[in-house]
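Structural overview
The residues making up each chain are set out below.
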Amino acid sequence: MEDALAIIGQWIGLVKSAKLSIAEVSQDCEARVAAGVVSAEEDFQEAVRAVFEALSTLQVRLEEQEELLESELEDEDG
């Protein structure tokens, strides 16, 4: 049970890191659009938003699973 909890914690960290990276890519794209370097900005932004939303959903589900495992672990200890 503790191993599962540790793995979920690692996945949550990976998802948060990926979301941060996506946010950085989005900001870079916005800067390029402002400079007139990128032309397909809307499609790119839509794709970035979709990935960010999927990662957010995954993060929420992982955090919910983490809470359930913590609760089960406390029940086993208590």
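Here's what I pulled together on the structure shown here. As the structure is a computational prediction, the values presented were derived from the model and not from experiment.

Bringing a nonpolar patch on the surface into the picture now. A cluster of nonpolar side chains, Ile7, Trp11 and Leu14, forms an exposed patch at the surface whose accessible area comes to about 320 Å². By the element assignment, Trp11 lies in helix 1 (residues 2-35).

The next subject is the side chain of Lys19. Tracing the sequence through the fold places Lys19 in helix 1. One buried charge, Lys19, has no salt-bridge partner; the nearest side chain with opposite charge is Glu63, at 7.3 Å. Not counting chain neighbours up to four residues away, the residues in contact with Lys19 comprise Phe52, Leu55, Ser56 and Gln59.

An α-helical turn contains 3.6 residues, so any two residues separated by three or four positions project in the same direction. The end-to-end C-alpha distance of helix 1 is 50 Å, a good match for the 50 Å that 34 residues give at a rise of 1.5 Å each. Those residues of helix 1 not exposed but buried are Leu5, Ile8, Ile12, Val15, Lys19, Ile22, Ser26 and Cys29. Where the residues of helix 1 are buried, they touch helix 2 (41-77). One or two steps after helix 1, the chain reaches Gly36, where phi turns positive at roughly 80 degrees.

This part covers the side chain of Ser26. Following the sequence through the fold, Ser26 ends up in helix 1. The buried category is assigned to Ser26, whose relative accessible area is 12%. Dropping the residues within four chain positions of it, Ser26 is found in contact with Gln45 and Val48.

Negative charge collects at one region of the surface, where Glu2, Asp3, Glu64, Glu67, Glu70, Glu72, Glu74, Asp75, Glu76 and Asp77 lie side by side. The set of elements that each furnish at least two residues to the negative patch consists of helix 1 and helix 2. By secondary structure assignment, the location of Asp77 is in helix 2. According to the relative accessible area criterion, Asp77 is exposed, its value standing at 63%.

Conventions we followed
- Residues numbered from 1 in each chain as written.
- Predicted model: local features only at pLDDT ≥ 70, side-chain atom pairs only at ≥ 80, totals over all residues.
- Heavy atoms only, no water.
- Patch = residues over 30% accessible without salt bridge, like charges linked within 9 Å, V, L, I, M, F, W, Y side chains within 5 Å.
- Areas by Shrake-Rupley, 256 points an atom, 1.4 Å probe, with all protein chains shown as cover.
- Salt bridge = Lys/Arg side-chain N within 4 Å of Asp/Glu carboxyl O.
- Helix = DSSP H or I, 4+ residues; strand = E, 2+ residues; numbered from the N terminus.
- Buried < 20%, exposed > 50% of the residue type's maximum accessible area, 1.4 Å probe, protein only.
- Lys, Arg positive; Asp, Glu negative; His and termini not counted.
- Contact = heavy atoms within 4.5 Å.
- Expected span 1.5 Å × (residues − 1).
- Charge placed at Lys NZ, Arg CZ, Asp CG, Glu CD.

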